[in-house]
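Secondary and tertiary structure notes
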Number of protein chains: 2
Amino acid sequence: MDIQELLSRQVIETESRIVLLVMDGLGGLPVGSQFKTELEMAKKPNMDKLAKEGALGLADPVGRGITPGSGPGHLALFGYDPVKYLIGRGVLEALGIDFPLKPGDVAIRINFCTVDDKGIITDRRAGRIGTEVNAKLCEKVKSRVKISGAEYFLEPVKEHRAVLVFRGKGLGDKINDSDPQVVGKPALEMKGEDEASKRTVKLVEEFLEQAKSVLKDEKPANMMLFRGFACFQKYPQFNEIYKLRSCAIAQYPMYRGLARLVGMDVLDVGPEMDDLFSALKENWERYNFFFIHIKKTDSAGEDGDWARKVEVIQAVDKQIPKVLKLKPDVLIITGDHSTPSRLKSHSWHPVPVLLWSHNCRPDLAKEFGERACSQGGLGRIRMKELMALALANALKLEKFGA
Amino acid sequence: MDIQELLSRQVIETESRIVLLVMDGLGGLPVGSQFKTELEMAKKPNMDKLAKEGALGLADPVGRGITPGSGPGHLALFGYDPVKYLIGRGVLEALGIDFPLKPGDVAIRINFCTVDDKGIITDRRAGRIGTEVNAKLCEKVKSRVKISGAEYFLEPVKEHRAVLVFRGKGLGDKINDSDPQVVGKPALEMKGEDEASKRTVKLVEEFLEQAKSVLKDEKPANMMLFRGFACFQKYPQFNEIYKLRSCAIAQYPMYRGLARLVGMDVLDVGPEMDDLFSALKENWERYNFFFIHIKKTDSAGEDGDWARKVEVIQAVDKQIPKVLKLKPDVLIITGDHSTPSRLKSHSWHPVPVLLWSHNCRPDLAKEFGERACSQGGLGRIRMKELMALALANALKLEKFGA
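All of the points below concern the structure found in this document. (Residues numbered from 1 in each chain as written. Chains lettered and ligands numbered in written order. Predicted model: local features only at pLDDT ≥ 70, side-chain atom pairs only at ≥ 80, totals over all residues. Heavy atoms only, no water.)

Below, the discussion takes up the environment of Leu203(B). For Leu203(B), the location among the structural elements is in helix α7 (residues 195-215). For the pair Leu203(B) and Gly168(B), spaced 35 residues apart in sequence, the C-alpha to C-alpha distance is 9.9 Å. (Helix = DSSP H or I, 4+ residues; strand = E, 2+ residues; numbered from the N terminus.)

The following block contains the structure:
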């Protein structure tokens, strides 16, 4: 039996409250003369105190050696098997702009591109047109392109990227990208692997035929490439599985979208770090599971800015007393994956986990850091097991068997 | 999805180079007044330096408590599930003499034995006849025994052991051994569990009938017992799965055979330890994955010679600078299983793993040893996950999901 299925059978509804505080890309690698990771270097007296009282461990989001994207990382945090519930790229793009997908929708990533008069691609990104130009082009296409047999939605994302969604009956997503990944070639013919996917291809071709003529005099974005066909399926709902009233306190669209995907309420929240924790306080009585998402640890890691990542962690640490004041039953501080500033990218390294509750078994740790976590009492876990520990420590799980 | 399948989807081809240095039977148990294992006792400044810079862990080749043979141990090192891809004993025996098996071949272990004039076994090993006598008997049998409907190959192995291979259409291997495991009884009747296996039995009986008459006046080897029927199937190929150009640098036939089984190039190499590392240097440009096999750690362990095992480890340590001079991107030092000299046999104890690369997350270890590994940052892994870590550290894996 899958762990999530087991949990759904054992879980009971209680008022106890769980806070899952996710610092995106938290895990790091040591650098410099002190040879410390960002988390090890950060002055974070509040987290270190929690580490002394709580239990530490390391979590693999997908598996040893596997570098996860944000989708798999968060699904694993929410207790979903990230391989079984892989989210297609088109769907993730749509979630990233808060597009309200419905089950059965097929979402596709669009690149505006440039082709010559023979249809040969000369720029796969149309010179990275500005987002405003993109938005105008999308409006123009939408006002003129009419297709039959399905609804479509076209929304700008950023620069040359947009998202196209088809809503209709029996649409499939087993379709190759039309992007040949190189210039000097025409767009690839799209082929559907099954009947449902062939239906989608027909719609896309109808759409493209008209869009081409709408765009033909535009410069430089006179054509579109299609990538990452993905059908949106309704996920098993977080609140039903775990008998929780959950909410997401996140500022970035993709993470709001991921939370919405599993059925969490997504709260309105301002742009500052303080706003996240104010939202937590304001909504404390309404929910008993709170997913708080901090983006800036990951952004600093991606930028290779070790010092800034240290600062973000320190800034989060200053917010911890506000959380504790609310008296959560369980507080988990972790990441969705590692983003070592040394690598400037997501990585496969396991993610530090701090679990604090009155019911956890404390270990020998004196501080929160990667090396301390490697010695921690939680040991090495699969990220998707974290929800089991959260629920157990909140005393929400019944005994298994007699 | 199986980890190997996941890796095959995520892997990209790069020039980065991985060295997998396997000291056969590396893991040990502590003995003596200092109560150290062979690895803990060995003076090995080079490996200890790598341990400080790298990450340690313990690997279970098959599972907790399971003592692996050399086949499962190596398959797990190569990233194959050793239970799913179990190698039959007949096949392993054939690999051990470099016999070029083809898919569909059925390989059988032969014991020359002694029977009395009523066919009762009086010596299951025919007094352990010399290998030369064995070879002459095999020649004699081959020159006189002619069977129809399939090809056969008979090759001496060592002392009283030989290997018999049938090559034909639709042959099975679900057949009991004819060896009753005791003297004072006749050989057991062989029975095939399915049609394909019944076909094999028919061939074996035809072969045996003639071989008996060829051997009837030989002393003491006047009869044969059949064991370990195993059909050879082509394994998924290492280079295709991982997009690598791999080679094996191994001196002993069985390990060369195991490497050939998964499609590695098997290099010619002299008999000394220096020869292994010279071969590494000479072939450095041609490959990007190098499996180096050291047999003598295991032999010393099997002989119960703790001091000799320490010496072998020390001798390997002296070769490490030659490896580092080549600037590998990833260097892994481990074993295929444990062979504690205290037990004089393979054992179930997990195997020490040292992984060194510029991209690994260093842990608190100060030296390479079993106890240090139990505290290491890699934690406890299944041996078949090691390839994932090797590929990740060589930056050969793409991000999973968006």
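Every α-helical turn comprises 3.6 residues, leaving residues that sit three or four positions apart pointing alike. Residue and element names in this part refer to chain B. Residues Met273, Leu276, Phe277, Ala279 and Leu280 constitute the buried set of helix α10 (residues 273-282). Looking straight down α10, one finds its buried side chains confined to an arc of 150°; they lie on one side. More than 90 degrees from the buried face of α10, the exposed residues found are Lys281 and Glu282. (Buried < 20%, exposed > 50% of the residue type's maximum accessible area, 1.4 Å probe, protein only. Arc of directions from axis to C-beta.)

Turning chain B through 123° and shifting it by 0.1 Å along the axis lays it on chain A, with an RMSD of 0.2 Å. Taken together, the rotation and translation relating the two chain copies correspond to the operation of a three-fold axis. Residue Gln375(B) of chain B places its C-alpha closer to the rotation axis than any other residue of that unit, at 3.8 Å. Of the interface residues in chain B, just 7% have counterparts in chain A that sit at the interface too, so the contact is made through distinct surfaces. (Least-squares fit on C-alpha atoms with pLDDT ≥ 70 in both. Contact = heavy atoms within 4.5 Å.)

Taken together, the 29 residues of chain B in the interface contact 33 residues of chain A. Overall, the association of chain B and chain A removes approximately 2400 Å² of surface from exposure, summing both partners, and the carbon and sulfur fraction of that is 61%. Of all residues in chain B, Arg361(B), Phe400(B) and Ala402(B) bury the most surface against chain A, accounting for 35% of the area lost on that side. Put simply, chain B and chain A have zero salt bridges between them. In this structure, the connection of chain B to chain A is made through 14 residue pairs in polar contact (both at pLDDT 80 or more). Of all the secondary structure elements, the ones that give two or more residues to the side of chain B that touches chain A are α1 (3-10), β13 (379-382) and α14 (386-393) of chain B. Among the elements that line the side of chain B that touches chain A, the one with the most residues is α14(B), at four residues. In terms of residue class, the side of chain B that touches chain A is built from 16 nonpolar, seven polar and six charged. (Buried area = accessible area lost by both parts, 1.4 Å probe. Salt bridge = Lys/Arg side-chain N within 4 Å of Asp/Glu carboxyl O. Polar contact = N/O pair within 3.5 Å; in protein donor to acceptor, adjacent residues only side chain to side chain. Nonpolar A, V, L, I, M, F, W, Y, C, P; charged D, E, K, R; others polar.)

Worth remembering: the numbers are spatial, not functional.
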